[in-house]
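The primary structure of each chain is shown beneath.
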Amino acid sequence: MKILEYGKGKERTFLLVQASCMAVNLWEENIQELQKDFHLIVPIIPGHCDPEGRDFTDVESISKELEEDLLSMGMDHVDGAYGLSMGGSLLIKMLDHGRISMDKVILDGAITPYGYPKWICRLIGIRDYLQGKLFASNKKFTLKMLQHYGYSPEAADKFFDALHSMSGTTLYNVFYSCNNYTLDHVPLDHGHILYMYGEKEKRARKKDLVNVKKFFPHVTFDELKGRDHGQFSGVEYDAFCAYVKNYMNA
């Protein structure tokens, strides 16, 4: 996959992994600020404005591909990592593999496996896919909703354009796989794990909070008051970057 690098020459490396239904250009302001302190590694996840025109397949395959690409760059270790939603799922699976060591990891609303019977998971995947297609086909409604959550008109346009460009295959695979990937045995010698989530999404993350505690017994939780899913990194650029820097410097 294509991997963007910023802040080359900085001592510490930081992996920034996007959510689904967005392109990395939505984080342009975050990247501009964080590259002042870190050597940023920003993968373009297949199916998300991917210049290679590929579809997203599943969490297991994409996480392995990202690991291989990092290893080919001589990176078997990163000082820090941040993954939002799908990006958090990919980081969890990478921690499960244990091939790339990470000192500090921020999982922002990361999605964990449901554990339901397969036929129920398929129905949920179809429901989520149809909802995604609805948002992708109604620009006026989607832009209005995003601006209600605090996205600027420019950011809302970027978000919609990325969502609208996603193929039906990618859209379904993202929703299904992020809720149903496998976890074999998460090593106990991982770095520090911080799981953050918006106060307004706490109900939706209920099962994820339980699962993350099971996977990472020493995880730290942080509830972001007054915020919803993905709102922190997608809207409050200055506050988000300050948060990441403080966490990495602690």
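Student: Would you mind going over the sheet that holds strand 6 (residues 192-198) with me for this structure?
Tutor: Hydrogen bonds between backbone groups are what pair the strands of a sheet, and the pairing can be parallel or antiparallel. Here we have 7 strands laid out as an open sheet, ordered 1-3-2-4-5-6-7, and mixed in their pairing. Both outer strands of the open sheet, strand 1 (3-6) and strand 7 (220-224), are each paired with one neighbouring strand and no more. Averaged over all pairs of adjacent strands, the angle between strand axes in this sheet comes to 20 degrees, irrespective of strand direction. Relative to strand 5 (residues 101-108), strand 4 (residues 77-84) runs parallel, the two sharing 7 bridges. The partner of Ala 81 across the bridge, within strand 5, is Val 105.

Student: When you look at the pairing of strand 5 in this model, what are you seeing that I'm missing?
Tutor: Of all the 8 residues making up strand 5, 6 are buried; the element is thus mostly covered by neighbouring parts of the structure. Two elements, strand 5 and strand 6, share 5 bridges in a ladder whose sense is parallel. Paired with Lys 104 across the strands is His 192, a residue of strand 6.

Student: Honestly, empty space enclosed by the protein in this entry has me stumped. Any pointers?
Tutor: It is a probe the size of a water molecule, rolled over the atoms, that shows where empty space is left. Here the structure, examined in full by the defined rule, presents 1 cavity of 30 Å³ or more. For the largest cavity, the calculated volume is near 40 Å³. What lines the largest cavity is Leu 26, Glu 29, Ser 152, Glu 154, Ala 155, Lys 158 and Tyr 237. The biggest single contributor to the lining of the largest cavity is helix 6 (residues 153-165), with 3 residues. Looking at the lining of the largest cavity residue by residue, the classes come out as 3 nonpolar, 1 polar and 3 charged.

Student: Sorry if this is basic, but what is going on with helix 5 (residues 139-148) here?
Tutor: Since the α-helix packs 3.6 residues into each turn, any two residues three or four apart lie on the same face. Along helix 5, the positions that sit buried rather than exposed are Thr 142, Leu 143 and Leu 146. For helix 5, the buried positions fall inside an angular range of 95 degrees around the axis, keeping them on one side. For helix 5, the exposed residues set more than 90 degrees away from the buried face come down to Lys 140, Lys 144 and His 148. Along its buried surface, helix 5 packs onto helix 4 (118-137) and helix 6. A positive phi of about 105 degrees marks Gly 150, the residue just after helix 5.

Student: Is there a simple way to explain the packing of aromatic side chains in this structure?
Tutor: Two numbers describe a pair of aromatic rings. These are the distance of the centres and the angle of the planes. In this structure the tally under the stated criterion is 13 aromatic pairs. Taken together, a centroid distance of 6.4 Å and an interplanar angle of 85 degrees make the contact between Phe 215 and Phe 216 edge-to-face. Comparing Phe 215 with Phe 216 shows no difference in burial state: the two are buried. Their ring planes at 90 degrees and their centres at 5.7 Å tell us that Phe 232 and Phe 240 sit as a pair that is edge-to-face. Exposure class is identical for Phe 232 and Phe 240. Each is buried. These aromatic residues form a ring-pair network of at least three members: Trp 27, Tyr 82, Phe 232, Phe 240 and Tyr 243.

Student: Even after reading the chapter, I still don't get the packing of helix 2 (residues 59-72) against helix 3 (residues 86-97), so can you show me in this structure?
Tutor: A pair of packed helices is characterised by two quantities: the angle between their axes and the separation of those axes. Packing of helix 2 against helix 3 brings their axes to within 9 Å, and their N-to-C directions diverge by 70 degrees. The angle between helix 2 and helix 3 places the two elements in the roughly perpendicular class. Two packed elements cross with a definite hand, and for helix 2 against helix 3 that hand is right-handed. Facing Val 59, Glu 60, Ile 62, Ser 63, Lys 64, Leu 66, Glu 67 and Leu 70 of helix 2, the residues of helix 3 in contact are Ser 89, Leu 90, Lys 93, Met 94 and His 97. The class makeup of the residues in the contact of helix 2 with helix 3 is 6 nonpolar, 3 polar and 4 charged.

Calculation notes
Residues numbered from 1 in each chain as written. Predicted model: local features only at pLDDT ≥ 70, side-chain atom pairs only at ≥ 80, totals over all residues. Heavy atoms only, no water. Pairing = 2+ DSSP bridges. Helix = DSSP H or I, 4+ residues; strand = E, 2+ residues; numbered from the N terminus. Axes fitted to C-alpha atoms, helices over the stretch in contact; angles between N-to-C directions. Buried < 20%, exposed > 50% of the residue type's maximum accessible area, 1.4 Å probe, protein only. 1 Å grid on protein atoms, 1.4 Å probe; cavity = no way out; pocket = protein on both sides within 12 Å on 5 of 7 lines; lining within 4 Å. Points joined across faces, edges and corners; volume = space filled by probe spheres on them. Nonpolar A, V, L, I, M, F, W, Y, C, P; charged D, E, K, R; others polar. Arc of directions from axis to C-beta. Contact = heavy atoms within 4.5 Å. Phe/Tyr/Trp six-rings, centres within 6.5 Å; stacked < 30°, edge-to-face > 60°. Parallel < 35°, antiparallel > 145°, perpendicular 65-115°, else oblique. Left-handed = near helix turned anticlockwise from the far one by under 90°.

These figures come from the coordinates and say nothing about function on their own.
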